Amino acid sequence: MLSKLDDIYELAAELGLDAVKQIRYYAYGRPIPSSYRSFKLTKRKGGLREINAPNRQLAYIQRKIMRAIVEATDYLPSHYVYSFKKGCSAKMGVARHVNKAVIIKFDIKDFFGTIHFGRVRGMFKSFPFHNSDQVATTLAQLCCLEKYLPQGAPASPIISNIVCRKMDRELATFAKRYGFAYTRYADDMTFSSHSKSRVRAFVEFPYPANAGSATDRGTRRCLTAPASLAPATIWS
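Bear in mind that the values here come from a model prediction, so they are computed numbers and not experimental data.

Draft legend 1. Focus on the overall build of the chain. Along its length, the chain carries nine helices and eight strands. With 236 residues in all, the chain has 48% of them scored as buried. Nonlocal contacts in the chain, meaning residues at least 24 apart in sequence, comprise 66% of its contacts between residues at least 6 apart. By element, 53% of the accessible surface of the chain is carried by carbon and sulfur atoms, the whole surface being about 12100 Å².

Draft legend 2. Seen up close, the pairing of strand β4 (residues 181–185). The buried fraction of β4 amounts to four of the five residues, a majority that puts the element mostly inside the structure. Across five bridges, β4 lies against strand β5 (residues 188–193) in antiparallel orientation. Within β5, the residue paired with Ala 181 across the bridge is Ser 192. Hairpin remark: β4 followed by β5, antiparallel, with two residues in the connecting loop; positive phi at Ala 186, about 55°.

Draft legend 3. Inspection of the nonpolar core at higher detail. Leu 2, Ile 65, Ile 69, Phe 124 and Ile 159 are the most contacted members of the largest nonpolar core, which totals 58 residues. For Ile 65, the contacting residues outside a window of four places in its chain are Leu 2, Leu 15, Phe 124, Leu 139, Leu 142 and Cys 143.

Draft legend 4. Molecular detail of the environment of Thr 183. With respect to the helices and strands, Thr 183 occurs in strand β4. Under the relative-accessibility criterion, Thr 183 is labelled buried at 4%. In this structure the C-alpha to C-alpha distance between Thr 183 and Ser 78, which are 105 residues apart in sequence, comes to 9.7 Å. When sequence neighbours within four positions are dropped, the list of residues in contact with Thr 183 reads Tyr 80, Tyr 82, Gly 93, Arg 96, His 97, Asp 188, Met 189 and Thr 190. In terms of polar contacts, Thr 183 uses its side chain to reach the side chain of His 97, at 2.8 Å.

Draft legend 5. Seen up close, the packing of helix α5 (residues 117–125) against helix α7 (residues 156–163). Two elements in contact, α5 and α7, have axes whose closest approach is 10 Å; the angle formed by their N-to-C orientations is 80°. In terms of axis orientation, α5 runs roughly perpendicular to α7. Two secondary-structure elements touch here, α5 through Arg 119, Val 120, Met 123 and Phe 124 and α7 through Ile 159, Ile 162 and Val 163. Looking at the contact of α5 with α7 residue by residue, the classes come out as six nonpolar, no polar and one charged.

Parameters at a glance
Residues numbered from 1 in each chain as written. Predicted model: local features only at pLDDT ≥ 70, side-chain atom pairs only at ≥ 80, totals over all residues. Heavy atoms only, no water. Helix = DSSP H or I, 4+ residues; strand = E, 2+ residues; numbered from the N terminus. Buried < 20%, exposed > 50% of the residue type's maximum accessible area, 1.4 Å probe, protein only. Contact = heavy atoms within 4.5 Å. Areas by Shrake-Rupley, 256 points an atom, 1.4 Å probe, with all protein chains shown as cover. Pairing = 2+ DSSP bridges. Core = buried A, V, L, I, M, F, W, Y, C linked by side-chain atoms within 4.5 Å. Polar contact = N/O pair within 3.5 Å; in protein donor to acceptor, adjacent residues only side chain to side chain. Axes fitted to C-alpha atoms, helices over the stretch in contact; angles between N-to-C directions. Parallel < 35°, antiparallel > 145°, perpendicular 65-115°, else oblique. Nonpolar A, V, L, I, M, F, W, Y, C, P; charged D, E, K, R; others polar.

Right, dumping it as structure tokens:
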């Protein structure tokens, strides 16, 4: 399991790699951008999405990391999430909002790009991993591109869901307070309710303008957010 590892020798053994030098080379030796191929794809809703695909060897290491994360966590992102989970789909998430009086959708801008090196490193240091500073830093180096989580890398989806677990729980709690249900599919967040009476209060809540947090004035409790939010789309 990818947990309670003290050094990169233990990390190499856990990942089943032949030599520690492979880890050192891709984490620290080779310029990280040269290990990726970048290209753009057209988004379903318009615009372009930048994809950064690692080369064959780095992708192999990242897939090893991805599988080790699953073994260490049983891969349990919040049950509000329907993306990057076996047996889940966007259609299943949509089903949570069928026959509602009002539906509100937010897009998280540059979703993967807002999950930075520090958050990835922190994930590998905290529960259930509890790795040493050296191991957590090395894993973050292997998974990040220029200090951010790249879209198109094998380990990025599973890491994004784990990093966002706290946000998902807090948003679901916040939504419930206003009588709304909450789901997320990658960067698409959906809220819905059987009643239109509290839509204004819900939409006018001071959502974060950038990475960080906003304070719910009613309870003074902090809602942690990973990214900027695009303007809401409302159906009623």
